[in-house]
Amino acid sequence: MSDEKTNIPKLFLSPYSPEDHENRIYELWEKSGYFNPDNLPGERTEQFSIVMPPPNANGSLHAGHALFVTVQDIMMRFERMRGKKAVWFPGADHAGFETQVVYEKKLEKEGRSRFQMSREELYKEILDFTLANKSFMEGQIRSLGASCDWSRELFTLDDKVVKIVYDTFKQLETDGLLYRGARSSNWCPKHQTSFSNLEVEHEERTEPFYYFKYGPFVIGTARPETKFGDKYVVMHPDDARYAEYEHGQKIELEWINGPITATVIKDEAGDPEMGTGVMTITPWHSGIDFEIAKRHNLDYEQIIDWRGKLLPIAEEFAGMDIRDARKKIVEKLEAKGLLDHIDEKYNHSVPCCYKCGREIEPQIKEQWFVNMKPLAEKALSALDAKKFEFVTERDERVFRHWLTNIDDWPIARQIAWGISIPAKVCDDCGHGMVDIENNVSSCAKCGGNVHQDPDTFDTWFSSGQWPLCVTDFGGESDDFKNYYPTSVMETGKDIIFFWVARMIMLGLYRTQKVPFKKIYLHGMVRDKHGKKMSKSKGNVIAPSEIQEKYGTDALRMALMVNNVPGTDMNLDPDKVNAYKKFANKLWNITRFVLDSTTDHDYLNNPEPGAVDTILRNELEVTTQEIDALMDKDRFDLAAEKIYHFVWDKFASDIIEDSKIYIKSDGGGNARQARQKLLIECLTTSLKLLHPFMPFVTETIWQELPETMKDSELLMVAKWPQDK
RNA sequence: GCGCGAUUAGCUCAGUGGUAGAGCGCUUCAUUGACAUUGAAGAGGCCGGAAGUUCAAUCCUUCCAUCGCGCACCA
């Protein structure tokens, strides 16, 4: 036998070392052209398409990226081997606000600030930064083994994207679904931009709740610093305690900075159960107050400026940061004898910026809004009609709930980095006009001068049209016709509203078709104790480091096994190590099989013995079970099953049982039959494993003799079930 | 406030209407044997609590407890 070892490729004589093979194998795949469905071999009638969630081009890949690349690549490789015309559209996201924040932090470190730069300078610098990150990230996606079609790659600022986004913007206006209006918006005093409700996080807090004497009433508030302009006192029309007061009644009273005239407003929004049942309102700085003011056509005035400082209406407090002002205002009211009492244990939730945690200051702002109700209703009908489905069914209810209670969408952000809004705004009356051609020179309403809208689109507004963009909707290629709607949308469940819901609504709106048939949502990747990864905790696991240490295949397996669709998963380096060992196991199995078949006797078409037949049946049963699990998107269970088959059945039983046959010098049918079985087990295992562990399986495949293979590349070999 | 999920081995988690599974960890033994990135054997669980349905419940139903998450304009 030692002589025959010379026939085994030398690389099998030492343990599998991923770093020696991964790059060259990826190049081999890429050079083959098979990432592009147009080049795939054989007759392929059925299409399979996935749109890759374009990673934010502002840093390196994190574990979540590694997970989605793995899941989607498994789907792609499985379907490609199954004979489908499979395409995976890669991309990169400029990620508007997110990237601008990353860049601002970089500026801060350099002692600079975006508020000292011109808009153009800032944009240019962020563009350079983003493009550099983009190519770096693409390298990382490659290193994870992603079999996506790079020839179809798209960036969210490409002309093609901007055109589609502008067309949608225009069409929304034409259809009356777009409007510009003064509404209460979620304003972050630090980031100087407004947000949609989704970008606001609510933080539970226990804070003092103050009761003040307001003329004959006692009013309650958690935010005394907003109260300077309060001149309306609101109560429920049916509240018997205040029946003596009439709607519209004027009352003279002493307030923070002197006597004022207050007006009684009876409105259903006054909750008799809450506090004293009486409140004063600050329409400029509260959404609910703004609604009341609108209903009764009341005045409203700004109290707090855009940076969170009190305006001159606050008189002696003017210019003070509201975070410092509250206590002082309460002191003054107390000194004036207007403080009734304080409830120190008031529990409420405070809206905060999802990025910096600073309290959101509601501000009235002229904004572009999309009227979402009509779009949401269509999405819900499509779901009712089963035009698309969720793999993780429990997310369907969450999805329905959000769409049923959807708010209008403010799509403008006050930042430089993004697709600029093609619109003019009147200097005089604030009227906004969509102006794609850039030829509006005066206000259509009042004839006044106009200026370019300085805002950019919410990045999700363009991302929401991503499936249209990558499939070249309205373009010259056949991709839209061939691949839209796409087969699966696979992404994180944390962006079900931000992205998935918007893609469905905007895709339906533009094309009358939901952009994907099936939605597979994965959970978050956490550290080994189930804790959220964060820089401050120092528990961040960088995929690239794991890849270096254990190999990409091991990382992919660790991310898949036990990862139930839709639930969070923990990533433990020890678990990755287990699959590194597994890759090596496969390596040594191959060494044994090649060592046992160097004489090529198996080519004589031997008659299988009774045991051979039993073992082959087990292989076939396993193959069918795995195929069924893959078909049901249970890649976690499929991965576990093939792992156990290879280790516990193939290596532990079949190989052990085969040694006696292989060693028998007599040769003969029994030995040849067993050789054939070993080869079958090996090639089938490689195929079944390939979607999960593409590198090691392809590396091995490349070393197998031609007589064992049905294809040059394992990547396009026939899936075993397809025999 | 509304909704969702979880509770199974020391740790992190799968799974099933009929003597409980994985990875890691632990114990003991083995080593010129495809593989020490190994092999064999083993310890370790009244499958959160209570009630119900059933011949049978870790699994289905209800309630409770604890933890986690999502949504939400309550002054």
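Keep in mind that this is a model prediction, so the values were computed, not measured. Chains are numbered independently. Their residues run from 1 in the order of the written sequence. Naming scheme: in the order in which they are written, chains are lettered from A and ligands are numbered from 1. The predicted origin of the model limits local features to residues at a pLDDT of at least 70 and limits the giving and counting of side-chain atom pairs to 80 or more, whereas totals for whole chains, interfaces and linings rest on all residues. Note that the side-chain values use all heavy atoms of the structure and ignore hydrogens as well as water.

(A) Examining the sheet that holds strand 8 (residues 217-221) more closely. Pairing between strands requires that DSSP locate at least two bridges from one strand to the other. Secondary structure follows DSSP: runs of H or I at least 4 residues long count as helices, runs of E at least 2 residues long count as strands, and numbering of each begins at the N terminus. The strand order across the open sheet built from three strands is 8-7-13, with neighbouring strands paired in antiparallel fashion. The open sheet is flanked by strand 8 and strand 13 (339-353), the only strands paired with a single partner. Between one strand axis and the next, the sheet turns by 20 degrees as a mean value, whatever way the strands run. In this sheet, strand 8 lies alongside strand 7 (residues 200-214) in antiparallel orientation, the contact comprising five bridges. Across the sheet, the residue bridging to Y214 is F217, located in strand 8. Running over the sheet, helix 7 (residues 322-335) touches strand 7 and strand 13 and is turned about 15 degrees from strand 7. Where helices are involved, their axes are fitted lines through C-alpha atoms of the stretch in contact, as for all axes, and angles between N-to-C directions lie from 0 to 180°. Pairs of residues are marked as contacts when any of their non-hydrogen atoms sit within 4.5 Å.

(B) Quick look at the environment of E43. Within the element layout of this structure, E43 appears in the loop between helix 1 (22-32) and strand 1 (47-51). Under the scheme applied here, a residue whose accessible area is under 20% of the maximum for its type counts as buried, over 50% as exposed, and between as partly exposed, the area being computed with a 1.4 Å probe on protein chains only. By relative accessible area, which is 77% here, E43 ends up exposed.

(C) Spatial organisation of the environment of L157. Among the structural elements, L157 can be located in the loop between strand 4 (154-155) and helix 5 (159-174). We classify L157 as buried; its relative accessible area is 15%. Separated by 64 residues in sequence, L157 and D93 have C-alpha atoms that sit 7.9 Å apart. If near-sequence neighbours (up to four positions away) are discounted, L157 is found in contact with H94, Y123, L127, V162, W417, G418 and I419.

(D) View of the packing of helix 15 (residues 552-560) against helix 20 (residues 694-703). Between helix 15 and helix 20, the least distance of the axes is 7 Å, while the angle of their chain directions is 135 degrees. Comparing the axis directions of helix 15 and helix 20 gives the class oblique. In contact with T552, D553 and R556 of helix 15, helix 20 contributes P694, F695 and V696. Put simply, angles under 35 degrees are roughly parallel, angles over 145 are roughly antiparallel, angles from 65 to 115 are roughly perpendicular, and the rest are oblique.

(E) Broad picture of the protein's contact with RNA strand B. Taken together, 47 residues sit near RNA strand B, with M279, Y346, N570, K581 and W647 positioned nearest. Whether a residue is near a molecule or strand depends on its heavy atoms: if one lies within 4 Å, it is near. At the protein interface, 67% of the atoms of RNA strand B within 4 Å belong to sugar or phosphate. Polar contact is the term for a pair of N or O atoms within 3.5 Å; when the atoms are in protein, one must be able to donate a hydrogen and the other to accept it, and sequence-neighboring residues count only if both atoms are side-chain atoms. In the model, a sugar or linking oxygen of RNA strand B is placed 3.5 Å from a nitrogen or oxygen of the G220 main chain. The contact in question runs from a base nitrogen of RNA strand B to an N or O atom on the backbone of M274, over 2.7 Å. Among the secondary structure elements, those contributing two or more residues to the surface near RNA strand B are strand 7, strand 13, helix 9 (394-404), helix 16 (573-596) and helix 18 (635-663). Element by element, the count of residues in the surface near RNA strand B is highest for helix 16, at 11 residues. Looking at side-chain class alone, the surface near RNA strand B contains 16 nonpolar, 16 polar and 15 charged residues. All amino acids are sorted into three groups, where Ala, Val, Leu, Ile, Met, Phe, Trp, Tyr, Cys and Pro are nonpolar, Asp, Glu, Lys and Arg are charged, and the leftover types, Gly among them, are polar.

(F) Summary view of the sheet that holds strand 10 (residues 250-255). The four strands are arranged 10-11-9-12 in an open sheet whose pairing can be described as mixed. In the strand order of this sheet, the two ends are held by strand 10 and strand 12 (278-280), each with one partner. With strand direction ignored, the average angle separating the axes of adjacent strands in the sheet is 35 degrees. Judged from the four bridges that link them, strand 9 (residues 232-235) and strand 11 (residues 258-266) form a sheet pairing that is parallel. Bridge pairing in strand 11 links Y232 to T263.

(G) Just a positive patch on the surface, in detail. Patches draw on residues past 30% relative accessible area with no salt bridge. Two like charges within 9 Å are joined, as are two nonpolar side chains (Val, Leu, Ile, Met, Phe, Trp, Tyr) within 5 Å. Exposure was quantified through the Shrake-Rupley algorithm and a 1.4 Å probe, taking into account, for residues, occlusion by the shown protein chains and nothing else. A side-chain nitrogen of Lys or Arg and a carboxyl oxygen of Asp or Glu constitute a salt bridge if their distance falls within 4 Å. Under the convention used here, Asp and Glu are negative, Lys and Arg are positive, and both His and the chain ends fall outside the count. Charge coordinates come from a single atom per side chain, which is NZ of Lys, CZ of Arg, CG of Asp or CD of Glu. Taken together, the side chains of K105, K109, K190 and K535 present a region of like positive charge at the surface. When you line up the elements, K190 lands in the loop between strand 5 (178-188) and strand 6 (193-195). You can call K190 partly exposed: its relative accessible area is 40%.

(H) Here's a closer look at the packing of aromatic side chains. Any pair of Phe, Tyr and Trp rings, taking the six-membered ring for Trp, is counted once the centres come within 6.5 Å. Such a pair is stacked with planes under 30 degrees apart, edge-to-face with planes over 60 apart, and tilted for the rest. A full pass over the atoms with the stated rule returns 41 aromatic pairs. Arranged with centres 6.0 Å apart and planes meeting at 75 degrees, the rings of Y26 and W29 form a pair that is edge-to-face. Here the residue Y26 and the residue W29 both occupy positions in helix 1, the gap between them amounting to three residues, near one helical turn. Neither Y26 nor W29 differs from the other in exposure class; each is buried. Here the aromatic cluster, defined as three or more aromatic residues joined through ring pairs, consists of Y166, F169, W368, W409, F457 and F461. Only Lys NZ and Arg CZ are tested; either one counts as a charge over a ring when it is within 6 Å of the ring centre and within 35 degrees of the ring normal. For R142, the ring lying beneath its charged end belongs to W150, and the centroid distance is 4.3 Å. The ring of W409 has R502 sitting right over it, with the charged end atom 3.8 Å from the ring centre.

(I) The arrangement of the environment of A146 in detail. Structurally, A146 can be placed in the loop between helix 4 (119-143) and strand 4. Between the C-alpha atoms of A146 and W88, which are 58 residues apart in sequence, the distance is 9.0 Å. Once residues lying within four places of it in the same chain are set aside, the contact partners of A146 are Y26, F35, V69, D73, W88 and I141.

(J) Focus on helix 13 (residues 496-511). At any given residue, the bend is defined as the angle formed between two axes, one fitted to the seven residues that end at that position and one fitted to the seven that begin there. The largest bend along helix 13 reaches roughly 25 degrees and is located at R502. Burial within helix 13 is extensive, with 16 of its 16 residues counted as buried. Directly after helix 13, the chain includes Q512, whose backbone phi takes a positive value near 70 degrees.

(K) Focus on helix 1. Of all the positions in helix 1, only E22, I25, Y26 and W29 are classed as buried. Buried residues of helix 1 fall within an arc of 100 degrees about the axis and therefore sit on the same side. Along helix 1, exposed side chains directed more than 90 degrees from the buried face belong to N23, E27 and K31. On its buried face, helix 1 is in contact with helix 2 (63-81), helix 4, helix 15 and helix 20. Among the residues trailing helix 1, G33 stands out with phi positive, at a value near 80 degrees. Each C-beta atom gives one direction from the helix axis, and the arc is the one those directions make.

(L) Main features of the pattern of salt bridges. This structure, assessed with the given rule, holds 55 salt bridges. Across the pair D453 and R180 runs a salt bridge, and its minimum N-O distance is 3.5 Å. Here D453 is found in the loop between strand 20 (450-452) and strand 21 (456-457), whereas its partner R180 is found in strand 5, with 273 residues between them in sequence. For R180, a relative accessible area of 23% translates into the label partly exposed. Each of the salt bridges in this network shares a partner with another, and the network as a whole consists of E46, E79, R82, K84 and D631.

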